[in-house]
Amino acid sequence: MRRPLIAGNWKMHLTPSEGAALATTLRQRIGMRSDVEILLCPSFVALQAVSEVIRGSEMKLGAQNVFWRGSGAFTGQVSPPMLCAVGCEYVILGHSETRGRFGVNDPDLDTSVLPYFSETEATLNRKLCAILPHGLKPILCVGETLAEREAGHTESIIRAQMEGALQGVAGDELYDLAIAYEPVWAIGTGRVCDADEANRVCGFIRQTLRDLYDDELAETVRVLYGGSVKASNAHTLLHQPEIDGALVGGASLNAEEFEQISYCAPKR
Ligand code: PGA
């Protein structure tokens, strides 16, 4: 049985002390739960502070990105061993915001900045291959833009994203992989994907794992949904058979909301 994973992606929010305060509240409320896995993904600078707060609880720590080299002259980058040293267990990879595919609905966004965030399948593949030997668990984000969906390309985009990121990686290295289906048009927009449709696409992701690898891996990997998840829609989403959890952005910054979302997960 796949244990539900409820992950909070704090994005570029909360200073170390603010993050520690939120983590302290969450620890008191849901820190010892074992029926669901609760994961907090603060910014790099808040990882240490949050790590200290959640130590000794059941909660897990994750990073929002990583660089693929272990050390060296790579200004501004953070390596897999550095993440391990602060207690990270997970790393989010390929979020649409690091792929430079975000902000289409934001009227204030200067879209000329998007190429600076252009993560590719090749860089993601390097990152994935770099973290696995350190025991870090990838949460690989995939998903289509609205234009891609309307053109009927949802499945082909997702399959290409999966094939690119997983290229050359053996199935027996991927038992701790989670894949988050995050339709770009649903992220931060309040426009949640319909639960039936999210379930269908998550099923497609599982089928793709079956095609690329085998049944056993497909049945083991957790497939999450992400994109405007909140307490009011989480129950329906999390009760879909192909959805094993949620990657929560905005709503994870509110302790009560995040707690309520965690209680929407079915006991499996
Ligand atoms: P959102 O973000 O919940 O704020 O839509 C989800 C995500 O980007 O992971």
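Given the structure is predicted, the values throughout are model-derived calculations rather than measurements. (Residues numbered from 1 in each chain as written. Predicted model: local features only at pLDDT ≥ 70, side-chain atom pairs only at ≥ 80, totals over all residues. Heavy atoms only, no water.)

1. Let's talk about the site of the ligand
The environment of the ligand is formed by 13 residues, the closest being Lys11, His95, Glu182, Gly188 and Ser228. One of the side-chain N or O atoms of Glu182 is found 2.8 Å from an oxygen atom in the ligand. Gly188 places a polar main-chain atom, nitrogen or oxygen, 2.7 Å from an oxygen atom of the ligand. Considered on its own, the ligand offers 280 Å² of accessible surface; in the complex 95% of this is hidden by protein. (Near = heavy atom within 4 Å. Polar contact = N/O pair within 3.5 Å; in protein donor to acceptor, adjacent residues only side chain to side chain. Areas by Shrake-Rupley, 256 points an atom, 1.4 Å probe, with all protein chains shown as cover.)

2. As for the pairing of strand S6 (residues 178-181)
Side chains Ala178 and Ala180 project from S6 onto one buried face, and the interleaved Ile179 and Tyr181 project onto a second face that is buried too. Two strands pair when backbone bridges link them, and strand S5 (residues 137-142) and S6 are joined in this way by four bridges, in the parallel orientation. Its bridge partner lying in S6, Leu140 is registered against Ile179. Sheet topology places S6 next to strand S7 (residues 222-226); four bridges connect them, and they run parallel. Bridge pairing links Tyr181 to Tyr225 in S7. (Buried < 20%, exposed > 50% of the residue type's maximum accessible area, 1.4 Å probe, protein only. Helix = DSSP H or I, 4+ residues; strand = E, 2+ residues; numbered from the N terminus. Pairing = 2+ DSSP bridges.)

3. Some remarks on the side chain of Ser262
Looking at where Ser262 falls in the secondary structure, it is placed in helix H10 (residues 255-264). If we skip the residues at most four places from it in the chain, Ser262 touches Ile6, Ile30, Arg33, Val36 and Ile38. (Contact = heavy atoms within 4.5 Å.)

4. A look at the pattern of salt bridges
Applying the stated criterion across every chain yields a total of 23 salt bridges. In this structure, Glu259 and Arg29 form a salt bridge, with 2.9 Å as the shortest nitrogen-oxygen distance. In this pair, Glu259 is assigned in helix H10 and Arg29 in helix H1 (residues 16-30), connecting sequence segments 230 residues apart. Linked by salt bridges that have partners in common, Arg2, Arg206, Arg210, Asp215, Glu219, Glu242 and Asp244 make up one network. (Salt bridge = Lys/Arg side-chain N within 4 Å of Asp/Glu carboxyl O.)

Interpretation in functional terms is not warranted from these geometric data alone.
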